[in-house]
Structures are given as structure tokens and as C-alpha cells.
There are 2 protein chains.
Amino acid sequence: MKNTTVLEGKIVSRDTLRLTPGGIATLSLMLNHQSTQTEMDQEVQVEVEMNAVAFGDTAKELDSVKVGDTVSLKGFLSRKNRYSPQPILHITQFKFS
Amino acid sequence: MKNTTVLEGKIVSRDTLRLTPGGIATLSLMLNHQSTQTEMDQEVQVEVEMNAVAFGDTAKELDSVKVGDTVSLKGFLSRKNRYSPQPILHITQFKFS
């Protein structure tokens, strides 16, 4: 089952790099995306804020990002946790834009 | 700014095809996705429920889908509306899986 998202935007907040109870590095951030997309052959203004999280080496590499940086995140969508079905983006790759 | 999502899953609910106040066909649905993804070189079980919406010809074509159908949706993420920043998927292409 396919599940791929690429989302580029500005980092509006980020947590400090921390360890999960299991000892895995993790970093959470909030991305603000604004762009023009095409829908019904018309250009539409799009804005979305997306919670994102990285684990392991990806989290450690992401630790260099600062609020205000523009980054391109690639990963998959998953429910936030057992209690909240709201989607967050699990980052598997990223690059500075 | 890139904004692309491909998400495959089962339709758990769908609204009837309706017209916006501006006379544009629109159809909203909820997709349940379950899969195995790779994170930190490990397989992880992923589940997410995603609100999705289509407009125009895409909405009319989507009107053939039934609850329980498995479909692959492609589109972009956008905030639900002015009051809710929660992301929903704007469907620009779809196919039956």
C-alpha cells in the first residue's frame, strides 16, 4: 500500500533532539507550507501546517535545522499516536531547499 | 514548493456528490490506510485515516467509488478550511487498486 509524501516549507517550530524511552533519537517539528497548486486546471493558493517527526540518524541530522529554515521533507503519513488519528509526517529523507 | 502525496487505502466513508455554492461538483471521503513502511531500516506497522476531497471532473469520476473499495489517491495537502489547520488531501488523480 503506497504512502508517500513530499512536502516543502518553512520550519515554524522544532523540539530539541531527545531520546525515546527505548533510547532512540527523535526530533519533532512543525512545517508551514505555502504554495500554488493546480486544481481543475486552475491555480489555487494552498497553505497547510504539518506535524512531522524523525527517528534515529534522520533525527540526528535534522538537529541542524533552525526555525525559519526552508526544507523539503519526504516520508510517510501515520496517525499521531494511539489516541489521535490525526496524520503526522514521518520523515525518512530531508534536504535544505 | 513541493506538495505531493500518494496514499492508497480503503474508503471508510464518502459523502454524496454535491455542488459548492459556486456550482462546482465536490466529493469528500475518508480513507483508511494500513501498511508496512521502513523507518530506521526496520519495518513498522502504519495506520492513518485521511480526509480527502475532490472537485470538478475528478469529483464526478470519484462518484463511482463505494465504501470498502481500495483506491490510490494522488494530490496535495491543504488545511481543511479557514478555521481548521488540520491537513486534508486534495485529490487530483485516483485509480482503483
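Just so it is clear, the structure is predicted and the values come from calculations on it, not from any experiment.

Quick notes on the rules
- Residues numbered from 1 in each chain as written.
- Chains lettered and ligands numbered in written order.
- Predicted model: local features only at pLDDT ≥ 70, side-chain atom pairs only at ≥ 80, totals over all residues.
- Heavy atoms only, no water.
- Helix = DSSP H or I, 4+ residues; strand = E, 2+ residues; numbered from the N terminus.
- Contact = heavy atoms within 4.5 Å.
- Areas by Shrake-Rupley, 256 points an atom, 1.4 Å probe, with all protein chains shown as cover.
- Lys, Arg positive; Asp, Glu negative; His and termini not counted.
- Charge placed at Lys NZ, Arg CZ, Asp CG, Glu CD.
- Phe/Tyr/Trp six-rings, centres within 6.5 Å; stacked < 30°, edge-to-face > 60°.
- Buried < 20%, exposed > 50% of the residue type's maximum accessible area, 1.4 Å probe, protein only.
- Pairing = 2+ DSSP bridges.

Draft legend 1. Structural detail: the overall build of chain A. Secondary structure assignment for chain A yields 1 helix and 6 strands. Expressed as a percentage of contacts within chain A between residues at least 6 apart in sequence, the contacts between residues at least 24 apart total 55%. On chain A, roughly 5,200 Å² of surface is accessible, and the fraction owed to carbon and sulfur atoms is 46%. A distance of 10 Å separates the average location of the 11 positive side-chain charges in chain A from that of its 11 negative side-chain charges.

Draft legend 2. Layout of the packing of aromatic side chains. Residues and elements named next belong to chain A. Using the criterion set out here, one finds 2 aromatic pairs over all chains in the structure. Ring geometry for F94 and F96: centres 6.1 Å apart, planes at 75 degrees, overall edge-to-face. Residue F96 is classed as partly exposed on the basis of its relative accessible area, which comes to 43%.

Draft legend 3. Representation of the environment of A:G75. All names here are of chain A. The topology assignment puts G75 in strand β5 (residues 70-79). The spacing of G75 and D57 is 18 residues in sequence and 14 Å in space, taken between C-alpha atoms. Contacts of G75, omitting those with residues within four sequence positions, involve N3, T4, T5, L89, H90 and T92.

Draft legend 4. Summary view of the pairing of strand β4 (residues 42-55) of chain A. All names here are of chain A. Here 14 bridges tie strand β3 (residues 25-39) to β4, and the two strands are oriented antiparallel to one another. The partner of M30 across the bridge, within β4, is N51. With antiparallel pairing between neighbouring strands as the criterion, β3 and β4 make up a hairpin whose turn holds 2 residues, including M40 at a positive phi of roughly 55 degrees. Of the pairings in the sheet, the one linking β4 to strand β6 (residues 87-96) comprises 2 bridges and is parallel in character.

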